[in-house]
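One letter stands for each residue in the lines below.
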Amino acid sequence: MKSLVLFAIIFGTGCSLTAAIMFNLEPNTQKCLRDEMQAHQLVLGEYEISDAPGQKIDYVIRDSKGHILSQKESIGKGKFSFTSEFFENFEICFISRVPQHQRGVVQEVSLSTKKGIDTKSYEGIGEAAKLKPLEVDLKRLEDLSDSIVQDFVHMRKQEEEMRDTNESTNNRVLFFSIFSMCCLLGLATWQVLYLRRFFKAKKLIE
């Protein structure tokens with residue numbers, strides 16, 4: 001039992017949904033980062049921008065359809081959160097704005113995001129429900145298992161959609177090939193008959 005719990009904890013640590021990144025943003029440019037989220041999955045983010053007098057940075061988060069999930073102007077340090085009703089690819093863009101009369105400098109952007117079970121505070125849940133540390137760990141593992149199952153269900157659904165698309169494409173290619181062959185055979189037959197009539201008219205053949 002202990003070995004199973006230990007393996008699950010190690011596996012859960014490897015499947016963490018936390019991502020942190022740091023990059024430089026040139027003046028009057030924008031940089032976008034893309035990721036995906038499950039349906040009804042909460043995404044939390046925390047950012048910090050290096051200070052540069054006179055310069056401003058905005059952020060905007062959009063889904064694959066262009067809908068704005070979150071945005072804020074003149075950011076420095078803060079947090080954001082958003083969710084979606086469907087499986088989505090989202091995009092986080094940081095936009096630098098520098099006045100025309102000012103020479104801009106490169107700013108450093110630090111971004112950390114969490115999704116799914118990483119957004120839950122299991123310590124707070126344990127204290128509220130008066131759970132023991134082992135029970136809190138089991139609760140975390142239960143949520144992790146549910147998350148993994150949902151990921152596998154989504155992967156299976158994607159595989160089915162890709163298989164259906166491949167089968168549909170194969171059928172269309174097959175029908176197009178048959179149609180092309182019929183057109184070529186028809187054209188070849190017409191050419192033979194036309195040339196035969198032409199040569200007969202010229203009395204080159206009987």
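None of the values given here were measured: they were computed from a predicted structure.

A.B. asks: With reference to specific residues and values, describe the overall build of the protein chain.
C.D. replies: Summing up its helical and strand segments, the protein chain has three helices and eight strands in all. For the protein chain, the N- to C-terminal ordering of α and β elements is α-β-β-β-β-β-β-β-β-α-α. Expressed as a percentage of its 206 residues, the buried residues of the protein chain come to 24%. Pairs at least 24 residues apart make up 78% of the contacts formed inside the protein chain by residues separated by at least 6 positions.

A.B. asks: Break down the sheet that holds strand β8 (residues 107-115) for me, citing the residues and quoting the values.
C.D. replies: Here we have four strands laid out as an open sheet, ordered β1-β8-β3-β6, and antiparallel in their pairing. Where the open sheet ends on each side, the last strands, each with one partner, are β1 (19-25) and β6 (77-82). Ignoring which end each strand starts from, the neighbouring axes of this sheet average 20° apart. Relative to β8, strand β3 (residues 43-49) runs antiparallel, the two sharing seven bridges. Across the sheet, residue Ile49 finds its bridge partner in β8, namely Val109.

A.B. asks: If you had to explain the confidence of the model for the protein chain to someone new, which residues and values would you point to?
C.D. replies: Mean pLDDT over the protein chain works out to 83, with 89% of the residues at or above the 70 mark. Of all helices and strands in the protein chain, the one with the weakest mean pLDDT is helix α1 (residues 2-14) (39), whereas strand β4 (residues 56-62) scores best (93). When the criterion is pLDDT under 50, residues 1-16 qualifies, and its contacts beyond four places in sequence or with other chains add up to eight contacts.

Thresholds applied
Residues numbered from 1 in each chain as written. Predicted model: local features only at pLDDT ≥ 70, side-chain atom pairs only at ≥ 80, totals over all residues. Heavy atoms only, no water. Helix = DSSP H or I, 4+ residues; strand = E, 2+ residues; numbered from the N terminus. Buried < 20%, exposed > 50% of the residue type's maximum accessible area, 1.4 Å probe, protein only. Contact = heavy atoms within 4.5 Å. Pairing = 2+ DSSP bridges. Axes fitted to C-alpha atoms, helices over the stretch in contact; angles between N-to-C directions. pLDDT = per-residue confidence, 0-100.

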